[in-house]
Amino acid sequence: MALKERDEFSGQLTTGHEWNGIKELNTPIPRLLWVFLISTTVFALVWTLLMPSWPGINGYFRGLLGVDQQQAVRASLAEAEAERAAWSTRLVSEDFETLAADASIVSLVRQAGPPLFADNCAACHGLKATGNAGYPNIAQAPMMWGDEPDTIAETIRVGINAGHPESRLGQMLAFGRDQMLGGEEISQLADYLMELHGGPVLEAEARAGAETLFADNCAGCHGSDGKGMADTGTPNLTDPFWTYGGDRLTVRQSIYNGRQGTMPAWEGRLSPAQIRLLALYVLDLRGALP
Amino acid sequence: MFGFHYRIERSAMGLVGFIIVVASIGGLIEIAPLFTIDETVETAADMRVYTPLEVAGRNIYIREGCYACHSQMIRTLRDEVDRYGPYSLAVESSYDHPQLWGSKRTGPDLARLGNKYSDAWHVTHLNNPRDLVPESKMPAYRWLLRDALRTDDLSDHLAALRAVGVPYSDEQIANAVQDAYGQANPDSPEAAGTAERYGEATNLRVFDGLPTKLTDMDALVAYLQVLGSLTDAAVRTETAGIE
Amino acid sequence: MVADFTRDERVSALIVLGGLILAGLFMAIAGRNDLLGVHGWMIAAAGLWGFFAMVRGFGLPEPPATRLAEYYDAPTRVGLILTLLWGIVGMGAGFWVAALLAWPDMTFDVAWLSFGRLRPVHTSGVIFGFGGNALIATSFHVLQRTTRARLPDAISPWFVLLGYNLFCVIAASGYLMGLTQSKEYAEPEWYADIWLVVVWVVYFAIYMRTLARRKEPHIYVANWYYMAFILVVAILHIVNNLAVPVSFGSAKSYSLFAGVQDAMTQWWYGHNAVAFFLTAGFLGMMYYYLPKRAGRPIFSYRMSIVSFWGITFMYMWAGSHHLHYTALPHWVQTLGMAFSVVLLVPSWASAGNALLTLNGAWHKVRDDAVLRFMALAAIFYGITTFEGSFMAIRAVNSLSHYTDWTIGHVHAGALGWVAMITFGALYSLVPTMFKRERIYSQKLVELHFWLALTGTLVYVFAMWNSGVIQGLMWRTYDETGTLSYSFIDSLVAMHPYYIARALGGLLFLLGTLTALYNVIMTIRMPAIGAHDPQGDLPAEPALQAGE
Ligand code: HEM
Ligand code: HEM
Ligand SMILES: [Ca+2]
Ligand SMILES: [Ca+2]
Ligand SMILES: [Cu+2]
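Note that the structure is predicted; figures quoted are calculated from it, not measured.

## Details of the coordination of the calcium ion (ligand 3)
Distances from the calcium ion (ligand 3) to its protein donors, Ser103(B) (OG), Glu184(C) (OE) and Glu184(C) (OE), fall within 2.1 to 2.7 Å. Of this pair, Ser103(B) sits in the loop between α4 (78–84) and α5 (119–127) while Glu184(C) sits in the loop between α5 (155–177) and α6 (190–212), which puts the two residues in different chains. Glu184(C) shares its class with Ser103(B); the two are buried.

## Quick word on the domain arrangement of chain B
Along its sequence, chain B is organised into domain 1 (2–40) and domain 2 (52–242). Averaged C-alpha coordinates put domain 1 of chain B and domain 2 of chain B at centres separated by 40 Å.

## Some thoughts on the site of ligand 2
Ligand 2 sits among 25 residues. The nearest are Glu184(C), Tyr185(C), Asn397(C), His401(C) and His409(C). With respect to ligand 2, its neighbouring residues span chains B and C. In the model, an oxygen atom of ligand 2 is placed 3.0 Å from a nitrogen or oxygen of the Glu184(C) side chain. Between an oxygen atom of ligand 2 and a side-chain N or O atom of Tyr185(C), the distance comes to 2.6 Å. Of all the elements in the fold, those that place two or more residues in the shell around ligand 2 are α8 (259–294), α10 (330–357), α12 (369–391) and α14 (404–433) of chain C. Within the shell around ligand 2, the residues separate by chemical class into 10 nonpolar, 14 polar and one charged.

## A few points about helix α8 (residues 204–222) of chain A
With 19 residues, α8(A) extends only 22 Å from end C-alpha to end C-alpha; this falls clearly short of the ideal 27 Å at 1.5 Å per step. Considering only its buried residues, α8(A) is in contact with α7 (183–196) of chain A.

## Some words on the packing of helix α2 (residues 69–93) of chain A against helix α10 (residues 272–285) of chain A
Any two packed helices are characterised by the angle at which their axes cross and by the distance between the axes. Residues and elements named next belong to chain A. Where α2 meets α10, the axes come as close as 9 Å, and the angle between the chain directions of the two elements is 75°. As far as their axial angle goes, α10 and α2 are roughly perpendicular. Residue-level contacts link Trp87, Ser88, Leu91 and Val92 of α2 to Pro272, Ala273, Arg276, Leu277 and Leu280 of α10.

## A word on α5(B)
Among all positions in α5(B), only Asp119(B), Trp121(B), His122(B), Val123(B), His125(B) and Leu126(B) are buried. The elements touched by buried residues of α5(B) are α5 (122–125) of chain A together with α6 (129–132), α7 (143–146) and α12 (216–224) of chain B.

## What to know about the interface of chain A and chain C
The partner chain C presents 58 residues to the 49 residues of chain A that form the contact. Linking chain A with chain C are one salt bridge, by the criterion used here. For Asp7(A), the salt bridge identified is with Arg296(C), shortest N-O distance 2.9 Å. Linking chain A with chain C are 19 residue pairs in polar contact (both at pLDDT 80 or more). Listed by contribution, the elements that provide at least two residues to the side of chain A that touches chain C are β1 (14–19), β2 (22–25), α1 (31–50), α2 and α4 (103–120) of chain A. Ranked by the residues each element gives to the side of chain A that touches chain C, the list is headed by α1(A), at nine residues. Taken together, the residues that form the side of chain A that touches chain C break down as 28 nonpolar, 13 polar and eight charged.

## Remarks on the site of ligand 1
Neighbouring residues of ligand 1: 25 residues in total, closest Lys104(B), Arg119(C), His122(C), Glu184(C) and His411(C). Neighbouring residues of ligand 1 are distributed over chains B and C. Taking Arg119(C), its side chain carries an N or O atom lying 2.8 Å from an oxygen atom of ligand 1. Here an oxygen atom of ligand 1 sits 3.3 Å away from a polar atom, N or O, in the side chain of Tyr185(C). In terms of residue count, α14(C) provides more of the shell around ligand 1 than any other element does, seven residues in total. For the shell around ligand 1, the per-class residue count stands at 15 nonpolar, six polar and four charged.

## Here's the deal with the interface of chain C and chain B
The partner chain B presents 88 residues to the 100 residues of chain C that form the contact. Buried surface at the junction of chain C and chain B, summed over both partners, amounts to about 8100 Å²; 65% is from carbon and sulfur atoms. Among the residues chain C hides against chain B, the three largest losses belong to Tyr254(C), Trp309(C) and Tyr402(C). Together they make up 10% of the total. For the pair chain C and chain B, the number of links is five salt bridges. In this structure, Asp34(C) and Arg150(B) form a salt bridge, with 2.8 Å as the shortest nitrogen-oxygen distance. Looking at which element gives the most residues to the side of chain C that touches chain B, the answer is α8(C), with 10 residues.

## Focus on the pairing of β1(A)
Residue and element names in this part refer to chain A. Most of β1 sits out of view: five of its six residues are buried. The pairing of β1 with β2 spans three bridges and is classified as antiparallel. Bridged to Trp19 within β2 is Ile22. Two successive antiparallel strands, β1 and β2, enclose a turn made up of two residues, where Asn20 displays a positive phi of approximately 50°.

## Some details on the domain arrangement of chain C
Residues and elements named next belong to chain C. Under the domain assignment, chain C is made up of domain 1 (8–59) and domain 2 (73–523). Spacing between the C-alpha centres of domain 1 and domain 2 amounts to 31 Å. Residue-level contacts link 16 residues of domain 1 with 17 residues of domain 2. Contact between domain 1 and domain 2 buries roughly 1300 Å² in total, counting both sides, with carbon and sulfur atoms accounting for 78%. The largest share of the area that domain 1 buries against domain 2 comes from Glu9, Leu36 and His39, three residues that together contribute 39% of it. For the interface between domain 1 and domain 2, the tally reads zero salt bridges. Secondary structure elements with two or more residues in the side of domain 1 that touches domain 2: α1 (7–30) and α2 (35–57). The residue inventory of the side of domain 1 that touches domain 2, partitioned by class, reads 11 nonpolar, three polar and two charged.

## Details of the nonpolar core
Within the largest apolar cluster, 273 residues are counted, with the highest numbers of intra-cluster contacts made by Tyr168(B), Tyr164(C) and Trp417(C). Ignoring any residue separated from it by four or fewer positions in sequence, one finds Tyr164(C) in contact with Phe128(C), Gly132(C), Asn133(C), Ile136(C), Phe159(C), Leu196(C), Val199(C), Trp200(C) and Phe277(C). Formed by 36 residues, the second largest nonpolar core is a distinct cluster that contains Cys121(A), Ala129(A), Ala273(A) and Leu277(A).

## Concerning the packing of aromatic side chains
Scanning the model with the defined rule gives 51 aromatic pairs over all chains in all. For the ring pair Tyr192(A) and Phe214(A), a centre distance of 6.0 Å and an interplane angle of 55° mean the geometry is tilted. Within this pair, whereas Tyr192(A) is found in helix α7, its partner Phe214(A) is found in helix α8, the two being separated by 22 residues in sequence. Across the pair, Phe214(A) and Tyr192(A) agree in class, each one buried. Linked through ring pairs, Phe128(C), Phe140(C), Tyr164(C), Phe167(C), Trp200(C), Tyr203(C), Tyr207(C), Tyr226(C), Phe229(C) and Phe277(C) together constitute an aromatic cluster. A cation over a ring is seen here: Arg78(B) above Tyr477(C), with NZ or CZ 3.7 Å from the ring centre.

## Examining the coordination of the calcium ion (ligand 4)
Binding of the calcium ion (ligand 4) to the protein goes through Gln181(C) (OE1), Ala186(C) (O), Pro188(C) (O), Asp193(C) (OD), Asp193(C) (OD) and Asn241(C) (OD1), at separations of 2.2 to 2.8 Å. Coordination geometry of the calcium ion (ligand 4): the six donor atoms subtend angles of 49 to 176° at the metal centre, consistent with an arrangement described as irregular.

## A short note on a nonpolar patch on the surface
All names here are of chain A. Residues Leu45, Leu49, Trp54, Phe61 and Leu64 make up a contiguous nonpolar surface patch of about 480 Å² in total accessible area. For Leu49, the location among the structural elements is in helix α1. By relative accessible area, Leu49 is classed as partly exposed at 44%.

## Points about the environment of Leu204(B)
Residue and element names in this part refer to chain B. Relative to the helices and strands, Leu204 is located in the loop between α11 (191–198) and α12. Distance in space between the C-alpha atoms of Leu204 and Ala180 is 9.8 Å, their sequence separation being 24 residues. Excluding residues within four positions of it along the chain, Leu204 makes contact with Gly182, Gln183, Pro186, Ala191, Thr194 and Ala195.

## Remarks on the pattern of salt bridges
Going through the model one piece at a time under the given rule, you end up with 45 salt bridges over all chains. The shortest N-O distance in the salt bridge between Arg150(B) and Asp153(B) comes to 3.7 Å. Since its relative accessible area comes to 33%, Arg150(B) is described here as partly exposed. Overall, Asp153(B) belongs to the buried group, its relative accessible area being 10%. Several salt bridges converge on common partners, so that one network encompasses Glu81(A), Arg84(A), Arg78(B) and Asp82(B).

## Let's talk about the packing of α7(A) against helix α9 (residues 248–257) of chain A
Residue and element names in this part refer to chain A. One can describe the packing of α7 onto α9 by two numbers: an axis separation of 9 Å at closest approach and a directional angle of 130°. What the angle tells us is that α7 and α9 run oblique. Taken as a pair, α7 and α9 cross one another with a handedness that is right-handed. The segment α7 lies against α9, with Gly183, Ile186, Ser187, Leu189, Ala190, Asp191, Leu193 and Met194 engaging Arg248, Val251, Arg252, Ile255 and Tyr256. Within the contact of α7 with α9, the residues separate by chemical class into eight nonpolar, two polar and three charged.

Criteria and thresholds
- Residues numbered from 1 in each chain as written.
- Chains lettered and ligands numbered in written order.
- Predicted model: local features only at pLDDT ≥ 70, side-chain atom pairs only at ≥ 80, totals over all residues.
- Heavy atoms only, no water.
- Donors = N, O, S within 2.8 Å, 3.2 Å for Na, K, Ca; no water.
- Helix = DSSP H or I, 4+ residues; strand = E, 2+ residues; numbered from the N terminus.
- Buried < 20%, exposed > 50% of the residue type's maximum accessible area, 1.4 Å probe, protein only.
- Domains from an automatic or database assignment.
- Near = heavy atom within 4 Å.
- Polar contact = N/O pair within 3.5 Å; in protein donor to acceptor, adjacent residues only side chain to side chain.
- Nonpolar A, V, L, I, M, F, W, Y, C, P; charged D, E, K, R; others polar.
- Expected span 1.5 Å × (residues − 1).
- Contact = heavy atoms within 4.5 Å.
- Axes fitted to C-alpha atoms, helices over the stretch in contact; angles between N-to-C directions.
- Parallel < 35°, antiparallel > 145°, perpendicular 65-115°, else oblique.
- Salt bridge = Lys/Arg side-chain N within 4 Å of Asp/Glu carboxyl O.
- Buried area = accessible area lost by both parts, 1.4 Å probe.
- Pairing = 2+ DSSP bridges.
- Core = buried A, V, L, I, M, F, W, Y, C linked by side-chain atoms within 4.5 Å.
- Phe/Tyr/Trp six-rings, centres within 6.5 Å; stacked < 30°, edge-to-face > 60°.
- Lys NZ or Arg CZ within 6 Å of the ring centre and 35° of its normal.
- Tetrahedral: all angles 85-135°; square planar, octahedral: opposite > 155°, others 65-115°.
- Patch = residues over 30% accessible without salt bridge, like charges linked within 9 Å, V, L, I, M, F, W, Y side chains within 5 Å.
- Areas by Shrake-Rupley, 256 points an atom, 1.4 Å probe, with all protein chains shown as cover.
- Left-handed = near helix turned anticlockwise from the far one by under 90°.

Quick look at the structure:
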C-alpha cells in the first residue's frame with residue numbers, strides 16, 4: 001500500500017502518493033462543508049418543489065405554488081394598470097382644457113412625460129423636442145397640423161404619412177424632379193424664400209415673378225401668405241423654423257425633390273392615456289400649460 | 001465513497017466514462033424535453049417567414065455584431081413590458097436560426113422595433129447615430145449605404161433555411177433574388193411577385209431612399225422594420241391576460 | 001521542431017500539411033465568390049509554410065534515442081509565448097472595445113474597427129487565444145510530470161498546438177471580415193468548427209496515450225480537470241455548433257436549432273464554456289502549479305474529489321440561469337437556478353482547497369509575487385463563483401441581466417481568476433522550460449502583480465457600479481406608476497464608468513506587456529545546463545510511490 005506520512009505543519013496524513021513532488025493530505029472534509037452542501041441542496045429541492053421544475057416527456061411538474069412567469073407578469077401589469085387608473089381614466093375621459101387647468105395633472109405630465117418622450121419621441125425630435133434635420137421642432141415651431149391639443153393628440157395617434165389607415169397625409173410635391181417647375185423658377189422661389197428670411201433683397205421684377213410663381217404653385221398648400229395651413233399640414237415658410245433646413249441649397253432641394261416626412265403612428269404601441277399625456281407634455285414644452 | 005474513487009482514478013478509461021456520463025445528465029434533462037413538450041412553443045397560425053431581403057438583412061445584423069449590444073428578448077417583467085412592449089414569446093423566434101436573444105443591453109431591446117421609426121430615420125441613424133442621438137454609443141455604419149447587397153446566393157440561403165425547418169416553398173426559393181429586388185423597389189416589375197409570394201402585408205419600400213441601388217442598408221432596414229411583427233401572438237397573449 | 005521528428009513523423013507531417021494545402025485550395029476555389037475563399041487561401045498558405053519548413057528540415061539527422069528519457073517540452077515553450085502574444089492581442093482588443101464604448105467615434109468608417117466585429121475578437125482572443133494556449137501548454141507540461149511519461153510522439157502535440165492556433169487565427173480574422181455565427185463564444189463558422197473537432201480529437205488522444213504509459217498508478221487531480229475540460233468542451237462544441245452551411249462554397253451557415261431550443265443549447269454551451277474552459281481547465285493548472293510553488297501538499301484529497309465531481313455534474317444544469325424570465329419555459333429556469341445555488345459548494349470547496357493548501361506557506365505568498373498571483377486567483381475564483389450563484393437567483397438576475405453587472409462578474413473571473421492563475425503558472429514555468437536560472441526580473445513580476453490587481457479592481461468596481469445603477473434605473477417607477485428614467489438617461493449615467501473601465505483595462509494590459517518583456521529578457525539570459533533548482537524530480541524513478 002501507499003507510503004503514508006504525516007505532514008508536520010497540519011498533522012494530517014498524506015494519501016501516500018506523490019506526483020513530481022506534489023503530495024496530498026487526506027484531510028477529512030470539514031463539517032462546515034457538509035452543512036453547506038446539505039443546506040443548499042435542501043433549499044434547491046424545496047425550490048424545485050414549489051416552482052415549475054422537473055420535466056417528463058410531454059409535460060413538467062407545475063410546482064406546488066402553481067407559479068407561472070407569464071401569469072405573474074400579466075397580473076403585475078394589470079395591477080399597475082389599476083394603480084395608474086387614478087389618472088389614466090381622467091386623461092382619456094376629460095377634455096384637455098380641464099386637464100390643463102388641473103395642477104395635479106400638470107405635475108403628472110412633468111413627471112411621467114420626460115421618460116416617455118425620451119424613450120419614444122426623442123430619437124427624432126430630440127430630447128428637448130427642438131427637432132433634428134428632417135424632424136420638426138415641436139417645442140417652438142408652429143404645428144403644421146395645428147396647435148390644438150386634440151389635433152396634436154390625433155397626430156400622435158395616427159401619425160403623418162405613416163402606415164396607419166387614418167394617417168394624416170402631407171406631401172410636398174417634387175416640383176423639379178417631376179418637371180412642374182424649371183431650375184430657374186425654383187431658384188427664383190428659393191431666393192424669394194431667402195428674402196423672407198432676411199436674405200438678399202430681390203429686385204422688384206424678380207420678386208413679382210416669384211410671387212406669381214408662389215401664388216400659382218405653392219399657395220394652395222402653404223397659404224397665400226406662405227404661413228402654412230393646418231388642413232394641408234404645411235409648414236409656415238416665413239418663420240425662423242425649418243424642418244429640413246433654411247439654407248438656400250436645402251430649400252432648393254425641398255422644392256426640387258419634394259418632401260414627405262414620416263411621423264409614425266403610436267396607436268397600438270402607446271395607450272390612449274399615454275398619447276394624451278404626451279400631447280400635454282408637448283404643450284407644456286411649448287409653454288402652453290400653466 | 002473515497003475508496004471507490006481510489007479505484008476509479010487509477011483507470012483512465014474509467015474516468016473518461018464517468019466524466020461523460022456525469023456531465024451528460026444535466027443537458028439531456030433540460031434540453032431534450034424542449035423538443036417533446038408541446039407547450040414549449042406556442043402555436044401561431046399567422047406566423048410568417050422572413051422575405052429574402054429580410055433574411056439578408058438579418059445576416060447583416062449578425063455580421064456587424066448588433067447582437068453584442070442589442071437584445072431581442074423582452075422578459076416577463078413589468079418594467080420591460082412597459083418600456084418595450086409585450087413580452088417575447090418562444091414562437092416569435094421559432095424561425096430564427098440562430099436566435100438573437102442577446103445577453104447585453106448596451107443599446108435598447110429591439111424585439112418590438114418594427115414600425116417604431118421610419119425607414120429614413122434608420123438610414124440616418126445607422127449612418128451616424130450621433131446625428132440624431134448625441135448621447136449614443138453606437139458605431140456609425142456608413143458603409144451600409146455604400147455597399148451593394150450581395151444577392152446571387154439568396155436562393156441557397158433560403159434552401160439552407162428550409163433544410164433546418166423554415167417552411168419556404170420551392171417557388172419562394174427559386175425566386176429569392178427577384179423577390180429581394182422587388183421588395184426594395186415597389187415600382188419595379190418584380191414587386192408584384194414579392195407581394196404575391198409573401199403576402200400583401202409585406203413592406204414594399206425603397207428602404208434606403210435610393211431607388212436605383214440595392215444596398216446593405218435596404219436589407220438591414222427591411223429586417224429591422226419587421227422585428228416583432230412576424231406574428232401578433234404576443235399582443236394577443238398579453239391582452240388575453242388583462243381582462 | 002523538425003529536428004525533433006523521426007523520419008516517419010516527417011513523412012506524416014508532409015502528408016498532413018499536404019492535406020491542409022489541398023483543403024485550403026478547395027475552399028479557395030469553391031469559395032472564390034465568398035469570404036470563404038479568403039480563409040481558403042489563408043489555410044493553404046499556412047499549410048504551404050509548414051510544408052516548406054518540413055521539406056527544408058527533412059534531411060536533418062533524426063533525434064537521438066536518449067530523448068525518450070526526457071520530457072518533451074518544446075510545444076510547451078512555444079505555447080507559452082503564444083499565450084502571451086494572444087493575451088496582448090485579446091486584451092488589446094478588449095481595451096479598444098472598452099474605449100469605443102466611452103468614445104464611440106473611433107470606428108473611423110472602417111468596418112472591421114467597429115464594436116460589433118472587434119468584441120468577439122476580444123472574447124475569443126482572450127478565452128481561446130490566451131486561455132486556450134495556456135491550457136494546452138500547461139497541460140502538456142503537467143501531464144508529463146504527473147504521469148512520469150513522455151508525450152507519446154513529437155508530431156501530435158505540434159499538430160494540436162499549431163492547429164489550434166490556426167483555428168484561433170481563422171476565428172479572429174473571420175470576425176473582422178464579418179464572419180460569425182453570432183452564438184457567444186461559439187462564433188466561428190462551420191468549417192472552423194469542424195477543424196477544431198479534428199484538433200480536439202488528437203488532443204484527447206495525446207492525453208489518453210500518455211496516461212496509458214504513465215508510471216504513477218493514480219491519476220493526479222490536475223489531470224481529472226484537464227480531462228474534463230477536453231471531453232466536455234468537445235461535447236458542448238459539437239452539439240452547439242450543429243449547423244447547415246449555405247453551400248460548400250459559402251462561409252455562412254444556419255444553426256440547426258431555432259428560437260427557444262437554440263437559446264437553451266447556446267447557454268448550456270455558453271455557461272459550460274465558462275465551466276470547463278475557464279474553470280475546469282484552470283483548476284487543473286492551479287492544482288499543479290500552486291502546491292508546487294508553495295511547496296505544500298494539497299490540503300485535502302477528499303475535498304478535491306467532492307469539488308471535482310460536484311463541478312462536473314452540477315455546472316451542466318446551470319446554463320438556463322442565462323435565460324431567466326425569457327421565453328424559455330419557467331421549469332428550465334427553476335432547475336438552472338437550483339443547481340447554480342448548490343454549485344457554490346463544490347466551487348468554494350476548490351477555492352478553499354487551494355487557499356488551505358497555502359497554510360504553512362503564507363510567508364511565501366507575502367514574498368513571492370508569483371505565488372501571490374496564484375493565491376489571489378483562488379480568492380477571485382471564490383468571489384466570482386459566489387457572485388455567480390448569487391446572480392443566478394431569479395430575483396437578482398432580474399436586476400443584473402443585460403447590464404454591466406454581468407460584465408463585472410465576467411471580468412472578476414476573467415482577470416482575477418483566469419488571467420492571474422495563468423500569470424502565476426507562466427512565471428513559474430518560464431525559467432524551468434527555458435532552462436534559465438530564474439525569471440529575468442522579480443521586480444517586474446512584482447510590478448505586474450500590482451498593475452493586474454489595480455486594473456482588476458478598477459475594472460470590476462466600475463462595472464459593478466454601472467451595472468447596478470443601470471439595472472435600477474431601468475426598473476425604477478415613480479409614484480405615478482410610470483418609469484422614472486428613459487433608456488438614454490441610463491446611457492448617460494454609464495459614461496464615467498466606461499472611462500474608468502477603459503483605464504482599469506489599460507493597467508491590466510500594461511501588466512501583460514511587462515510579462516512579455518520579462519519573458520523575452522528571461523529567454524535572452526544564458527541557459528543553465530543542469531536541472532533547474534526547484535523543478536522536476538528525475539523522470540526515471542527509483543521507487544514508485546503509492547505502490
Ligand atoms: C485588458 C483587459 C480587458 C479589457 C479592457 C476588457 C474589456 C472588455 C469589454 C469592453 C467587453 C465588452 C463589454 C460590453 O459589451 O459591454 C468585454 C467583454 C468580455 N471580456 Fe473582457 N476585457 C479584458 C480582459 C479580459 C480577459 C483577460 C478575459 C478572459 C480571460 C475577458 C473576457 C471577456 C468576456 C468573456 C467578455 C464577454 C462578456 C459578456 O458577453 O457577458 N476579458 N471585455
Ligand atoms: C458558481 C459558479 C458560477 C455561477 C453560478 C455563475 C453564474 C453566472 C450568471 C448568473 C451569469 C449571468 C447570466 C445573465 O444574466 O446573462 C453569469 C455570466 C457569466 N459568467 Fe458566471 N458564474 C459562475 C462562475 C463564473 C466563473 C468562474 C467565470 C470565469 C470567468 C464566469 C464567467 C462568466 C461569463 C463569461 C458570463 C457572461 C456570459 C454572457 O452573457 O456572455 N462565471 N455567470
Ligand atoms: Ca454576453
Ligand atoms: Ca461556431
Ligand atoms: Cu452561467
